[in-house]
Amino acid sequence: MATLMPALERRLRREISGDVLFDGFSRGRYATDASHYQMMPVGIVVPRTIEEAERAIAIADQEGASVLARGGGTSQCGQTVNESLVVDCSKHLHRILDLDVQGGRCVVEPGIVLDELNRQLRPHGLWFPVDVSTSSRATIGGMAGNNSCGGRSLRYGTMRDNVLSIDAVLADGTAAHFGRANADLSDIPDGSPLKPLARDLLALGAREAAEVEARFPKVQRRVGGYNLDALTPGRNDLNLAHILVGSEGTLAFTTKVELKLWPVLGRRAVGACHFGSFYEAMNAAQHLVKLAPIAVELVDRTMIGLAREIAMFRPTLEQFVRGEPDAILLVEFGENDQEENLRRLARLHELMGDLGFGWDKPGAKWGGVVDVIEPALQTAIAELRASGLNVMMSMKEQGKPVSFVEDCAVPLEHLADYTSRLTEVFERHGTRGTWYAHASVGCLHVRPVLNLRLEKDVKAMRAIAEEAFAMVREYKGSHSGEHGDGLLRSEFHEPMYGTRLVRAFEEVKDRFDPDGLFNPGRIVRAPKFDDRANFRYGPEYRVEDFTPALDWSEYTGAAGGFQGAVEMCNNNGACRKFVAGVMCPSWRVTLNERDVTRGRANTLRLAISGQLGPDAFASDAMLETLKLCVSCKGCRRECPTGVDMARMKIEVLAARAAKRGLSLRDRLIGWLPRYAPYAARVPWLFNLRDALPGAARLSEALAGFSARRKLPRWRRDIFRDSADSSWPGERREAPSSRLKSRPSTSLPHGMKGVDARHKAGHDAEVKEVVLFADTFNRYFERENLDAALAVLDAAGYRVHLATPADGAKRPLCCGRTFLAVGAVREAREEAERTIAALAPYTERGVPVVGLEPSCIFGFRDEIPALVKTEAAERLSGSVFLFEEFVAREAKAGRFRLPAKPGKDRVLLHGHCHQKSFGAMRAVEETLKLVPGLSVETVESSCCGMAGSFGYGADTMDASLAMGELSLLPAVRKAAPETIIVADGTSCREQIAFGAGREAVHVARVLAAHL
Ligand SMILES: Cc1cc2nc3c(=O)[nH]c(=O)nc-3n(C[C@H](O)[C@H](O)[C@H](O)COP(=O)(O)OP(=O)(O)OC[C@H]3O[C@@H](n4cnc5c(N)ncnc54)[C@H](O)[C@@H]3O)c2cc1C
Ligand code: SF4
Ligand code: SF4
């Protein structure tokens, strides 16, 4: 483990304005990348400017620390972990410095993320086409560092082919511009520090030219070692930047990258070539590439099988998979002229016939082409392919698919033999692998399943690696075809390139960086790749057992499986994306590694395994790590391995509550359902906080509620259940009378004066449903419950209102507020009460419907993990959000709503849990029951309110920043007559506060159109 360097820390703090992080928690968060390694850095600096980065490097040099540049930290080979000072470029260094649209080039800072760059280029008709799968978080600095390659490298090449120049800081602190140069270096000024360096490099290139010619594999996908081939004489394209590309931060620190840009891709044609045998598919690849496609991607039988298990992918498979293929090659044509693409697609059909494949042929020669022309289907297939891998990665056992021979590349003519021999190697070592990715360039991804906690599996890893790399050498391929060297491959350079070239690599390193300032021990002089001291799960790794608050038994390991759940994070960094979906709102506003799902999961892993000192799990630093997690559950759905941080946060809060008790704020939040009945009796008293001058400020000082935001307003006319009818808990009042009891003055146009007496559509059959009135709607927004009642009533349902089974007056509650503060015992009590009250209905199969997403999905998610009874399980299968129920019933033809047509425009914002549980389509379908409404859904992450989060004085700014990411600007832009629909109480509150608009629950839109 790296030793602490207090002098370095002191100087950085004094001289750098960006974050300087030297505490154990922060260092732990930067100790891993997407490989299986872990090394503690000495500290982290997050420079605000390139100049600050340069200064930090100089300070590190003077204080005797090495330097590790870092982008997204998504490398798979351990090149982004080291006992160094980490310089994180991703937070501040992400500007486009120059864009030359005519010339098709741009200059960027190293921390810009590829998707973000392409988003800014799109309006100019340009893109940067090295489309790595991690494009949502991979930075250009990291991509250049690794010589990354995209799925379309057949057309566009690798990073090396697309980097025009690099500005870098050298180990001696001088800056240099690496770019095109004359062979005699006459265009480099004499005083430039680059000139002597370049001269030496070219001399080395000339000296080793014959060896390079003999030993460098002739495949496009060779990213291992230093690019000595860029220095050999006789080439008319000398570009000195190419020695830095793929150097994994070991030679210099990149400050600017000049990129070659390409026109955006237009319409494409894809042929899904089916094969009866995997071997035949591999063998065919070499012939298919002759039609000059831009990509040939493989999907194998296992992946197809996995995708068939997932309901959302089944329709896509049905559209392009015919029969039971052993493998499919997706051949993509992307010329400017779609007619030409279609002509090539036709030739693909002929070629498959010429190769002997036919739909009518038996066995291995069975096959043919399915055309995929529709862009929507092409996109769906691309998503399916990516998600198929995710399903594979989400294995819950301790053995996981491990990336170490994952990107070997061999010449296409050997692909079939290579894959079948490697499969035999896996079998011999008692494991298996699933194949996918880039058949066009002979670089197929495969990860054998191994448990690297076991010595025997570590031995198997070495044996497989040695056998695989020997085979790759035999085929004159490259052992490092996409992901780089890092700790994984560097050891194998000697057998791959020979001793002489490895010495030449060392000379390059020493010429650039004689004292080992930059990322030492990578590419040259690396430790053994299976040195377990550098593993994330090394021989010392242990997790102490403890009793968790929730049930984690679907995972393995200590603490009832909590260990396994935490360890699901493999650092792939998908939670660092900026756009689309929900995950992870706190990251999107702070760009701090601490505030992203990955940072949190890593912190938890280190804490439970004792690597952050005693009691770390319930510590203040852990609370700080989770403070901005809004429990949106975005990660539960969008993390490829299903890391559910919202649930994990409950464990931490519960551990803290048990150890340290609860704060006043926690008590006021958690116990709200318990004191709400009293508050509703004297609302004026409880509302004084926002009426008396100074009271809000006092509440901020005493309980931490931000004085800037008003608290929800208490009222007397709350929603009340009654229990005096023929059915237990059946409602007493006619919904219409309640709807009239409090006419809304603020509803949007067309939503006043709801008349719910309309009973058309009722039929003789008894359709029953229970309406669960949650605490928030009951006490603060009863209009929503009234509207839901009116709608269900109008659609012919007999609606029951659940009342406590013990006859107590206090209404039911799901326990959400208690869970939010870690009061697990109270949450369980509340949940058990509600489960008991609803049991008579769920036993009869009567569905339970509610309005508040966070409450209703709690019954499906946390509560079954809290209350392990049959009744809880039954409830989890019978509980629906109002809109889920309506959409389901409408689809079954049972929900006949007598709705008047509307002309309004609706802007719909989804609550995070609606998105996480896939309920957004249900809201859209529910709104469609009103003919004529035009609905637009905001592409938003979390609104930022998240229950009590938005009320906290310490979280208010983050809350508003989350809202400002997309939701609030979209609401402000909406026309005044547009109806804003948001089904979450918190979302409506945030919209009202942040955009000054009233948002309504979908039930009210329906009720208004009855
Ligand atoms: C699920 C998954 C899929 C992947 N798919 C692909 C793929 O399709 N194609 C592919 O090529 N790779 C792929 N990768 C690997 C990885 O995502 C890419 O290599 C990516 O380009 C790395 O970018 P990053 O910003 O995360 O770099 P990092 O990991 O942060 O850094 C990579 C290297 O660059 C160096 N570096 C970073 N910034 C600088 C700087 N300013 N100056 C000098 N050196 C610097 C680092 O020190 C490090 O050695 C995948 C990884 C995962 C986990
Ligand atoms: S939390 Fe999920 S998405 Fe984020 S790095 Fe870990 S596995 Fe990837
Ligand atoms: S629950 Fe939401 S805020 Fe918390 S880590 Fe997951 S995505 Fe991020």
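In the block above lies the structure referred to throughout.
Rules used throughout
- Residues numbered from 1 in each chain as written.
- Chains lettered and ligands numbered in written order.
- Predicted model: local features only at pLDDT ≥ 70, side-chain atom pairs only at ≥ 80, totals over all residues.
- Heavy atoms only, no water.
- 1 Å grid on protein atoms, 1.4 Å probe; cavity = no way out; pocket = protein on both sides within 12 Å on 5 of 7 lines; lining within 4 Å.
- Points joined across faces, edges and corners; volume = space filled by probe spheres on them.
- Helix = DSSP H or I, 4+ residues; strand = E, 2+ residues; numbered from the N terminus.
- Nonpolar A, V, L, I, M, F, W, Y, C, P; charged D, E, K, R; others polar.
- Patch = residues over 30% accessible without salt bridge, like charges linked within 9 Å, V, L, I, M, F, W, Y side chains within 5 Å.
- Areas by Shrake-Rupley, 256 points an atom, 1.4 Å probe, with all protein chains shown as cover.
- Salt bridge = Lys/Arg side-chain N within 4 Å of Asp/Glu carboxyl O.
- Lys, Arg positive; Asp, Glu negative; His and termini not counted.
- Charge placed at Lys NZ, Arg CZ, Asp CG, Glu CD.
- Buried < 20%, exposed > 50% of the residue type's maximum accessible area, 1.4 Å probe, protein only.
- Near = heavy atom within 4 Å.
- Polar contact = N/O pair within 3.5 Å; in protein donor to acceptor, adjacent residues only side chain to side chain.
- Phe/Tyr/Trp six-rings, centres within 6.5 Å; stacked < 30°, edge-to-face > 60°.
- Lys NZ or Arg CZ within 6 Å of the ring centre and 35° of its normal.
- Pairing = 2+ DSSP bridges.
- Contact = heavy atoms within 4.5 Å.
- Axes fitted to C-alpha atoms, helices over the stretch in contact; angles between N-to-C directions.
- Sits in = over half its atoms within 2 Å of the grid points.
- Parallel < 35°, antiparallel > 145°, perpendicular 65-115°, else oblique.
- Left-handed = near helix turned anticlockwise from the far one by under 90°.
- Arc of directions from axis to C-beta.
- Core = buried A, V, L, I, M, F, W, Y, C linked by side-chain atoms within 4.5 Å.

Engineer: Help me understand empty space enclosed by the protein in this model?
Structural biologist: Picture a little ball the size of a water molecule; that probe, rolled over the atoms, points out where space is still empty. Scanning the model with the defined rule gives six cavities of 30 Å³ or more in all. Reported here for the largest cavity is a volume of approximately 90 Å³. The wall of the largest cavity is formed by 14 residues, among which Cys569, Asn572, Gly573, Cys575 and Cys639 lie closest to the centre. Looking at the lining of the second largest cavity, the elements that each hand over two or more residues are helix 21 (585-590), helix 22 (597-608), helix 24 (634-638) and helix 25 (645-660). Split into classes, the residues belonging to the lining of the second largest cavity amount to 10 nonpolar, four polar and two charged.

Engineer: Would you mind going over a positive patch on the surface with me for this structure?
Structural biologist: Taken together, the side chains of Arg681, Arg716, Arg720 and Lys809 present a region of like positive charge at the surface. With respect to the helices, strands and loops of the structure, Arg720 is situated in the loop between helix 29 (695-703) and helix 30 (735-741).

Engineer: I tried to follow the pattern of salt bridges on my own but got confused; where do I start?
Structural biologist: For the structure on display, the rule yields 83 salt bridges. Notably, a salt bridge pairs Glu768 with Arg844, separated by 2.9 Å at the nearest N-O pair. Linking Glu768 in strand 20 (residues 767-772) with Arg844 in the loop between helix 34 (824-843) and strand 22 (848-850), this pair joins segments that are 76 residues apart in sequence. Relative accessible area serves as the criterion here: at 16%, Glu768 is assigned to the buried category. Classification of Arg844 as partly exposed rests on a relative accessible area of 43%. Measuring nitrogen to oxygen at the nearest pair gives 3.7 Å for the salt bridge that ties Arg833 to Glu830. Of this pair, Arg833 and Glu830 both sit in helix 34, separated by three residues, roughly a single helical turn. Both residues of the pair, Arg833 and Glu830, count as buried. Salt bridges sharing partners connect three or more residues here, namely Lys633, Arg636, Asp644, Arg647, Arg816, Asp861 and Glu862.

Engineer: It is not clear to me how unusual backbone geometry should be interpreted in this structure. Could you clarify?
Structural biologist: Excluding glycine, a negative phi dihedral is what most residues carry, and trans is how most peptide bonds are arranged. Of note, the bond from Met583 into Cys584 is cis; its omega dihedral lies within 30 degrees of zero at -10 degrees. Mapped onto the fold, Cys584 is located in the loop between helix 20 (562-566) and helix 21. The residue Asn519 is not glycine, and still its phi comes out positive at about 35 degrees. When you line up the elements, Asn519 lands in the loop between helix 19 (499-512) and helix 20. Assessed through its relative accessible area of 1%, Asn519 is described here as buried. Positioned with a positive phi, Ala946 is a non-glycine residue whose angle comes to about 45 degrees.

Engineer: Help me out: how do you make sense of the site of ligand 1 in this one?
Structural biologist: Around ligand 1, the surrounding shell holds 35 residues, and the nearest of these are Ala69, Gly71, Thr74, Ser75 and Thr139. Within the contact set of ligand 1, an oxygen atom lies 2.8 Å away from a side-chain nitrogen or oxygen of Ser148. Between a nitrogen atom of ligand 1 and a main-chain N or O atom of Thr254, the distance comes to 2.9 Å. The fraction of the free accessible surface of ligand 1 (980 Å²) that becomes covered by protein chains is 96%. The set of elements that each furnish at least two residues to the shell around ligand 1 consists of strand 3 (67-70), helix 5 (140-146) and strand 10 (253-260). Sorting elements by how many residues they give to the shell around ligand 1 places helix 5 first, with five residues. Here the residues of the shell around ligand 1 sort into 11 nonpolar, 21 polar and three charged.

Engineer: Explain the packing of aromatic side chains to me, please; I cannot follow it from the model alone.
Structural biologist: The way to describe two aromatic rings as a pair is by their centre distance and the angle between their planes. Counted according to the given criterion, the structure contains 32 aromatic pairs. Relative to Phe617, the ring of Phe562 lies with its centre 5.8 Å away and its plane at 70 degrees, an arrangement referred to as edge-to-face. Of the two residues, Phe562 is situated in helix 20 and Phe617 in the loop between helix 22 and helix 23 (620-627); the sequence distance between them amounts to 55 residues. Taking the centre distance of 5.0 Å and the plane angle of 80 degrees together, the rings of Trp671 and Phe818 count as edge-to-face. Of this pair, Trp671 sits in the loop between helix 26 (664-670) and helix 27 (672-681) while Phe818 is found in helix 33 (residues 816-821), placing the two residues 147 residues apart along the sequence. For the residue pair Trp671 and Phe818, the accessibility class agrees, reading buried in each case. Pairwise contacts between aromatic rings join Tyr675, Phe686, Trp714, Tyr779 and Phe780 into one cluster. Sitting above the plane of the Trp359 ring, Arg322 keeps its charged end 4.0 Å from the centroid. The side chain of Arg709 reaches across the aromatic face of Tyr951, ending 6.0 Å from its centre.

Engineer: What is the right way to look at the side chain of Thr32 in this model?
Structural biologist: Looking at the element boundaries, Thr32 is found in the loop between helix 2 (24-29) and strand 2 (43-46). Judged by relative accessible area, Thr32 falls into the buried class, the value being 0%. Polar side-chain contacts of Thr32 include one of 3.4 Å to the side chain of Asn602.

Engineer: Is there a simple way to think about the sheet that holds strand 24 (residues 905-909) in this case?
Structural biologist: Spatially, four strands are ordered 25-24-26-27 in an open sheet, and the strand pairing comes out parallel. Looking at strand neighbours, the two that pair on one side only are strand 25 (934-937) and strand 27 (999-1000), the edges of this open sheet. Bridge count between strand 24 and strand 25: four bridges; the pairing is parallel. Looking across to strand 25, one finds that Leu907 is bridged to Glu936. Packing against the sheet, helix 40 (residues 920-927) makes contact with strand 24 and strand 25, and its axis sits at approximately 165 degrees to strand 24. Sheet strands in contact with helix 43 (residues 985-995) are strand 24, strand 26 (979-982) and strand 27, and its direction is about 140 degrees off that of strand 26.

Engineer: How should I be thinking about the sheet that holds strand 20 in this particular structure?
Structural biologist: Across a sheet, strands are paired by hydrogen bonds formed along the backbone, either parallel or antiparallel in direction. The sheet built from four strands is open, its strands ordered 21-20-22-23 with parallel pairing. Because the sheet does not close on itself, it has two edges, and the strands there are strand 21 (797-801) and strand 23 (879-881). Averaged over all pairs of adjacent strands, the angle between their axes in this sheet comes to 35 degrees, without regard to strand direction. Pairing of strand 20 with strand 22 involves three bridges; the strand directions are parallel. The partner of Phe772 across the bridge, within strand 22, is Gly850. Packed onto the sheet, helix 35 (residues 853-860) meets strand 20, strand 22 and strand 23 and runs at close to 155 degrees relative to strand 23.

Engineer: I'm lost on the site of ligand 3 in this one. Help?
Structural biologist: Looking at ligand 3, the residues that line it are Met583, Cys584, Pro585, Thr597, Arg600, Cys629, Val630, Ser631, Cys632, Lys633, Cys635 and Met645. Here ligand 3 occupies the second largest cavity. Residues of the shell around ligand 3, tallied by class, amount to eight nonpolar, two polar and two charged.

Engineer: How should I be thinking about the packing of helix 34 against helix 37 (residues 870-878) in this particular structure?
Structural biologist: When two helices pack together, their arrangement is given by the angle between the helix axes and the distance between those axes. Taken N-terminus to C-terminus, the directions of helix 34 and helix 37 make an angle of 65 degrees; their axes are 9 Å apart at the nearest point. Accordingly, the angle class assigned to the pair helix 34 and helix 37 is roughly perpendicular. The chirality of how helix 34 crosses helix 37 is left-handed. Contacts from Ile835, Leu838, Thr842 and Glu843 of helix 34 reach helix 37 at Ala871, Ala872, Arg874, Leu875 and Ser878.

Engineer: Even after reading the chapter, I still don't get the environment of Asp88, so can you show me in this structure?
Structural biologist: Among the structural elements, Asp88 can be located in strand 4 (residues 85-88). Classification of Asp88 as buried rests on a relative accessible area of 3%. Through-space distance from the C-alpha of Asp88 to that of Glu783 is 50 Å; in sequence the pair is 695 residues apart. Setting aside anything within four residues of it in sequence, one finds Asp88 in contact with Tyr30, Ile44, Val45, Val46, Pro47, Arg70 and Gly71. Reaching out from Asp88, the side chain makes a polar contact with the side chain of Ser90 at a distance of 2.7 Å.

Engineer: Explanation requested: helix 40 in the structure shown.
Structural biologist: Each α-helix turn comprises 3.6 residues. Residues three or four places apart therefore point the same way. Within helix 40 the residues assigned to the buried category are Met920, Ala922, Val923, Thr926 and Leu927. The arc that holds every buried residue of helix 40, seen down its axis, measures 160 degrees, which confines them to one face. Where helix 40 is buried, its residues touch helix 38 (882-891), strand 24, helix 39 (912-916), strand 25 and helix 44 (1002-1008).

Engineer: Just checking my understanding: could you explain the nonpolar core for this structure?
Structural biologist: General note: in soluble globular proteins, nonpolar side chains tend to be found buried as a group. Ranked by size, the top nonpolar core spans 98 residues in total, and within it Phe562, Leu604, Met645, Met648, Ile835 and Phe859 carry the most contacts. By residue number, the principal contributor to this core is helix 34, which donates seven residues. Every residue in contact with Leu604, bar those within four places of it in the chain, is listed here: Val566, Phe617, Met622, Met645, Met648 and Val652.

Engineer: For this particular structure, what's the right way to read the packing of helix 38 against helix 40?
Structural biologist: Here helix 38 crosses helix 40 at 65 degrees, and the two axes come no closer than 8 Å. In the packing of helix 38 onto helix 40, the handedness of the crossing is left-handed. Here Glu883, Glu884, Val886 and Ala887 of helix 38 come into contact with helix 40, specifically with Ala922, Val923, Glu925 and Thr926.

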